[in-house]
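One letter stands for each residue in the lines below.
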Amino acid sequence: MSLLRLLMSRKKIVGLMVVFILIIGMYGAGKLDRELFPTISFDGAQVYVNAGQMSTLDVEEEVTKPIERILNNISGIKHIQSTSSIGVSLITVQAEEGLGEEVFKEIETTMIGLENQLSGVNFISTYQFSTKQPYEFYMTIKDGPMDKMTEFAKQIVKPRIEALPEVREVSLEGIENKEVIVELDLNQLQDLQLSPQQVVQIINQANIDTSIATLEGESGRPTVRWTTSLSTIDNVKSIEIPTVAGIKQLSKIAKVYEENNTTTSVGWNNGTREFIFVKIGRTSDVTQVEMAASVRKELEKINEEGLVNDFVFEELVAQADYVTDTIEGVSTNVMLGGIIALLVLILFLRNFRATFIIGLSIPLSILLTFIGMWLFDYSFNILTLIGLGLGIGMMVDSSIVILESIYRKKEEGYKKLDAVLAGVKEVATAVIASMLTTIVVFVPIGLLGGEIGQFMIVLSIIVVITLVSSVIVAFTLIPTLSENFLKLKNKKHRRQEGRIVINYGRLISWVSRKKRNRYSIIVIFLAVFISSLLLITKIPMTVMPDVLNRYAEIMVQLERGLTPTDREEIAIQINKALNEIDDVENNLIMDNVDAFFVLINMTPEETATLHQTEVNERINRGLRELQKDYPIQNVGTADFSGLSFPVIIEIKGEEFESLDQIANELELKLTSVEGLVGITSSSNKNMAEELIEFKYENMKKDSVTAAQLFSQMQDWSIRIPAGELKQEDLQSPIFVTTNVNINNKKNLLKQKIATINGNKNLSTYLRLVETKVPTEVTRKDGERMITVFADIEGRDLGSINREIEEVLKNYEAPVGYSITTAGSLQEQKEAQQDMLIILGIAIFLVYVVMTVQFNSFLHPVIVMSIIPLTVTGALFGLLLTQSELSILSGLGMVFLIGIVLNNAILFIDRTNQLRVQGYQSSEALVEAGKNRLRPIFMTSLTTAGGMLPLAIATGTASNYQSPLAIVIISGLLFATFITLLLIPSVYLLFEDIKNGLSRLLFRKPKRRNMKRDIALDK
């Protein structure tokens, strides 16, 4: 209290502190980044290997397995999963928790140089899973001539936007690029005894611009420069080729022409390929919002200058908009929560000065929180803002308790300074203990593993910073202002007890009067708790809720080996299906050859006719319908690691046939589970491959070797780069190909092979035998694996999970084969286990804190008796609102442990103070209940009122904040009313037990004393 006396005598210290917090807080808030999610690197990485046209089984044996063996030698790796397909090996690595950065660096180092060690590998790339995105602002240029749009993108968009200080890079995809094709006539080459490689060498030699010598003896030492660079198509056509028949121009032995490079197209925008995709990334020292504002300002200038003609230049996706909507939405909810909290104070205290003091503490605590966020290098994002929203209700709890205690002391007739000192002293221990019990429940949150755990740690730390900030303000600002500024409405009359307080005192007296009264209350509440556990199966469950930002990312996995025409037809049908769905505004289909990455924008929430959940279901349903008629393998949500499904079942074993059979049987059994849709598997779909069988007798007869055949066959499908054609500011690559058209087996076998006995058909020396090979092979931790996927529609993950578990329990896999759940199913199981452990540790830590505070092993048990019924209230809240029980709502229950105990601590702390003053247990409980009734209701209602806007919010962050707030509000309000009855009952129960043990232990001595007294009386 000496520190408090110092502050009261030196109020200018508090004033300077307030000014300091205002200045630094506003400065820190301005420096905080603004993003949708915090930048977090996950404990996972991916290795991508390009192996040309190598077959699937060869990729598995020659690429995937060797890399897996190398990765197994790296410490800290938990799981390795790989997929081998034609020319591609994709290896996903999951690291031990907390070792993601270290493991990725070692993987990256190990993969360097491995390209040269593995035969047939073109390149290897690695990247770590993270929420960080290289680009955050996307635009399209469309509905115009490609040459005009390309010129606009290159000459206007890229240089002007990249010149902005907020922009790091502008990437253009789909621009029109010209290529020069030299299509060689192979028959003429054979007659002239030329090879394609010789022609490529001559073209390169004719396209040189370099210095070849320095004239040392001349004045100024001039250089001699060779300039025969190619600048027109005619230059290429007129290149002279020396042959056995003399010098010939290239145009005599090849067809030379210019064509557009279609491979630069990113995909389809609303069904058309004729568009340019503009991607913009920001510099590290600016926020997404600042970059978006700067870019939009420059776009306005471009439009005002009339540079956009005959085409459309518009935004597609701007992450800044989602960030702004989220920040504005949560900020509004926080502000409304603060206003509701102040209204509650006015209702209870009916004193505007008291309300003003508490109201002043809210922005000061928020600014102090901003300083903490700035020091911890956090940003404004969906998680930190939800944490701040949760903290806004609890932010005033400490201030309310201290101010109410001072206010009550003034009502009792204390002098100004005495009222402050006595009021703060009476509740100081309880306030600090309440803060500590709330904070310690967040300590075990770090045990929540995976990516979700990292998100929850951020949320927890923000709440802790908010609580600590509010307690600092409560012990400094509130007492300082309360001494003189806080005045009573009527100083002449002492405070009179209200009707509610009197009736509550009578109720506690009734509880303490007879044992059966308090025991009945305990039994009733215990029965309510046990019954409420049966509600869990009626509550929807998921792992993490969706972000409802009127935007969706879908991945459509295609079958292997599709032609560009096949892919275009599928893209057109996808666009057609999306156009038939209400509220879908536009779409962009990004072509990744074996998969489409579909970005979908929906109509804004203000004009929407459907909830986003319904739109998402219709999108998935419509795209799954296409699987019946088109070569589509899977349709699912896209995440940072690729295709994502809520239901994933992994089947491990060795033989493809057995894996296929198990997968097919499980697919059939899963159809009986209501709510499962789009049930598919990665069952080894085979593709046709023509295997070469040599006719060795004919080869021997014509002195033809396999190497000769291979060399000539390679020439038929070559595409060799041969420099560039430099035309003004444009550079067009030159490629050398052949005129051989091989699109079927017949055309291939009739191609001519040069031999000593003349040209003969290829069919003379080999035949093609059709065989079936798997399109891809998936392995996990060294074992082959097939995955069964399914989506959910109309039901929650929890109820479906229970039915799937029943299906798998009744299915007996063959020996050597295992079946396990993965994806959201496994995440839900692990999350439930983690949350139970976290709950247990949190309860233990709370017990430790209260044991130290009360210096008793029993009083913490009394306080913590309210915890089970807190869970009951939370479950009732989720059931009535049909909100999902997820990691976030589970985290809300952990929060509740710290919050609801505050009321019980206030009650028991005051009871113990009165017991020390000589009150009997029943008298102490009655008086403590009367003293603490108002602050208990005030803190509970301000906390619930502060979170009410979060609970009923709509918009981007609503699915994240609403279940969390509903759990806290329902659990807190239920527990508040129960606390007022249960805590006195349990307290008296322990008193009864203690008295009973005392009578039992000291019964015989008392009887001996009684006999002695009787004898003396006689």
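Our subject is the structure listed above.
Quantities reported herein were computed from a predicted structural model and do not represent experimental measurements.

Points about the overall build of the chain
At step 1: Along the chain, the regular secondary structure elements total 32 helices and 31 strands.
At step 2: Across its three principal axes, the chain shows a C-alpha extent of roughly 150 × 75 × 60 Å.
At step 3: For the chain, the proportion of its 1018 residues judged to be buried stands at 52%.
At step 4: The contacts of the chain with a sequence gap of at least 6 include a subset with a gap of at least 24, amounting to 78%.
At step 5: Summing over all exposed atoms, the chain offers an accessible surface of approximately 47500 Å²; the carbon and sulfur share of this is 55%.
At step 6: Side-chain charges of the chain comprise 97 positive and 116 negative groups, with the mean position of each set lying 17 Å from the other.

What to know about unusual backbone geometry
At step 1: With a phi close to 55°, Gln 193 is a non-glycine residue in the positive phi region.
At step 2: Inspection of the secondary structure assignment puts Gln 193 in the loop between helix H6 (186-191) and helix H7 (196-205).
At step 3: In this structure, Asp 377 takes a positive phi of about 60° despite not being glycine.
At step 4: With respect to the helices, strands and loops of the structure, Asp 377 is situated in the loop between helix H12 (352-375) and helix H13 (382-395).
At step 5: Given the relative accessible area of 69%, Asp 377 is considered exposed.

Remarks on the sheet that holds strand S14 (residues 275-282)
At step 1: What the four strands build is an open sheet, ordered S6-S14-S5-S15; its pairing is antiparallel. A single partner strand is all that each edge strand has here, and the edge strands are strand S6 (167-173) and strand S15 (312-318). Here the average twist between neighbouring strands, direction ignored, is 20°.
At step 2: The sheet contact formed by strand S5 (residues 137-142) and S15 spans six bridges and is antiparallel. By the bridge assignment for S15, Lys 142 is matched with Val 312.
At step 3: Against the sheet, helix H5 (residues 146-162) contacts S5, S6, S14 and S15, and its axis sits at roughly 170° relative to S6.

Basis of the calculations
Residues numbered from 1 in each chain as written. Predicted model: local features only at pLDDT ≥ 70, side-chain atom pairs only at ≥ 80, totals over all residues. Heavy atoms only, no water. Helix = DSSP H or I, 4+ residues; strand = E, 2+ residues; numbered from the N terminus. Buried < 20%, exposed > 50% of the residue type's maximum accessible area, 1.4 Å probe, protein only. Contact = heavy atoms within 4.5 Å. Areas by Shrake-Rupley, 256 points an atom, 1.4 Å probe, with all protein chains shown as cover. Lys, Arg positive; Asp, Glu negative; His and termini not counted. Charge placed at Lys NZ, Arg CZ, Asp CG, Glu CD. Pairing = 2+ DSSP bridges. Axes fitted to C-alpha atoms, helices over the stretch in contact; angles between N-to-C directions.

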